[in-house]
Amino acid sequence: MIAFLKGTMAGRSADVAFVDVNGVGFAVYMPATDIVKLPESGADVALFTHLAVREDAMTLYGFLSQEEHALFLRLIGVSGIGPKAALAALSTFKPAELISAIQSEDVKAVSTIPGVGKKTAQRLILELKGNLAQAGEQDLFSAATAAATERLQGARDGLLAMGFTLAEADLALKGAPEELNTEGALLQYALKRLGSVG
């Protein structure tokens, strides 16, 4: 199940984003690569989240993409890999790069993750290689692809409703950056491109 958090950026630090959702503030721990992609304070943001519950704390982890969220859940399922190490892994590698390193049993590359030594890297590869092969990268990310297609279609429909032609809408949405992970962000991107064209 994917938990989704949508709110307004209220600030950020090196590894934490502060999100305001209808007046309630949330501290969300995120990979460093996602933190730098976040919008400025006051802008809307949507995150895929995981709530880790322990006896002494509840910690919210967030990701800009469903791919990262799915891989994070796989990583924390490995013995000896906690949320901090999983975040470090996603701060060090893109999901596809990490999956490739695991599938090719590249212990040296996996060992470059902060807090992950050679033995832990070997265990991570041993536990995840078969797991990822069984599920398949395509299956792991198929839901993310479907969601991205749905967002793109929603933005396209929005442009058509504004009077743009299908060709104009497709051209404006072509090559949209991956970090535009909401329908509204895609629509704004397309409108800016159409404005610069016109």
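Just so we're clear, the structure is a prediction, and the values are computed from it rather than from any experiment.

1. Regarding the side chain of Arg156
Looking at the element boundaries, Arg156 is found in helix H7 (residues 137-161). In terms of polar contacts, Arg156 uses its side chain to reach the side chain of Asp170, at 2.5 Å.

2. Some points on the side chain of Glu68
Looking at the element boundaries, Glu68 is found in helix H2 (residues 66-76). Buried within the structure, Glu68 lacks any salt-bridge partner; its nearest side chain of opposite charge belongs to Lys37, at an N-O separation of 5.9 Å. When residues no more than four places from it in sequence are discounted, the contact partners of Glu68 are Pro31, Thr33, Asp34, Phe63, Leu90 and Pro95.

3. Let's talk about the environment of Val36
Mapped onto the elements of the fold, Val36 is located in the loop between helix H1 (32-35) and strand E4 (44-53). The sequence separation of Val36 and Ser13 amounts to 23 residues, and the corresponding C-alpha distance is 9.6 Å.

4. Here we look at the confidence of the model for the protein
For the protein, mean pLDDT is 83; residues scoring 70 or higher make up 86% of the total. Looking across the protein, the model is least confident in H7, with a mean pLDDT of 67, and most confident in helix H3 (residues 83-92), with 93. The low-confidence segment residues 134-138, where pLDDT is below 50, has 5 contacts with residues more than four positions distant or belonging to other chains.

5. A few points about the packing of H2 against H3
In contact at an axis separation of 9 Å, H2 and H3 are set at 135° when each is read in the N-to-C sense. Taken together, the axes of H2 and H3 lie oblique to each other. Crossing of H2 against H3: the hand is right-handed. Here H2 contributes Glu68, Leu71, Phe72, Leu75 and Ile76 to the contact with H3, which in turn contributes Pro83, Ala86, Leu87, Ala89 and Leu90. Looking at the contact of H2 with H3 residue by residue, the class counts come to 9 nonpolar, no polar and 1 charged.

6. A few points about the nonpolar core
Formed by 27 residues in total, the largest nonpolar core has its most connected members in Phe72, Leu75, Ile81, Leu98, Val110, Ile113 and Leu124. In terms of residues, this core owes the most to one element, H3, which gives 6 residues. Excluding its chain neighbours within four sequence positions, the residues that come into contact with Leu124 are Leu75, Val78, Ile81, Ile102, Val110 and Lys129. In this structure, Met9, Val21, Met30 and Leu38 belong to the second largest nonpolar core, which totals 13 residues.

7. Remarks on the packing of H2 against helix H4 (residues 95-103)
It is at 10 Å that the axes of H2 and H4 come closest, and there the two elements cross at 35°. Along its contact with H2, which presents Glu67, Glu68, Leu71 and Leu75, the element H4 presents Pro95, Leu98 and Ile99. Among the residues making up the contact of H2 with H4, the classes are represented as 5 nonpolar, no polar and 2 charged.

8. Brief notes about H4
For H4, the full list of buried residues reads Pro95, Leu98, Ile99, Ala101 and Ile102. Each buried residue of H4 sits inside an arc of 160° when the element is viewed along its axis, so together they form one side. Where H4 ends, the next residue or the one after it, Glu105, has phi of about 55°, a positive value.

What counts and what doesn't
- Residues numbered from 1 in each chain as written.
- Predicted model: local features only at pLDDT ≥ 70, side-chain atom pairs only at ≥ 80, totals over all residues.
- Heavy atoms only, no water.
- Helix = DSSP H or I, 4+ residues; strand = E, 2+ residues; numbered from the N terminus.
- Polar contact = N/O pair within 3.5 Å; in protein donor to acceptor, adjacent residues only side chain to side chain.
- Buried < 20%, exposed > 50% of the residue type's maximum accessible area, 1.4 Å probe, protein only.
- Lys, Arg positive; Asp, Glu negative; His and termini not counted.
- Salt bridge = Lys/Arg side-chain N within 4 Å of Asp/Glu carboxyl O.
- Contact = heavy atoms within 4.5 Å.
- pLDDT = per-residue confidence, 0-100.
- Axes fitted to C-alpha atoms, helices over the stretch in contact; angles between N-to-C directions.
- Parallel < 35°, antiparallel > 145°, perpendicular 65-115°, else oblique.
- Left-handed = near helix turned anticlockwise from the far one by under 90°.
- Nonpolar A, V, L, I, M, F, W, Y, C, P; charged D, E, K, R; others polar.
- Core = buried A, V, L, I, M, F, W, Y, C linked by side-chain atoms within 4.5 Å.
- Arc of directions from axis to C-beta.

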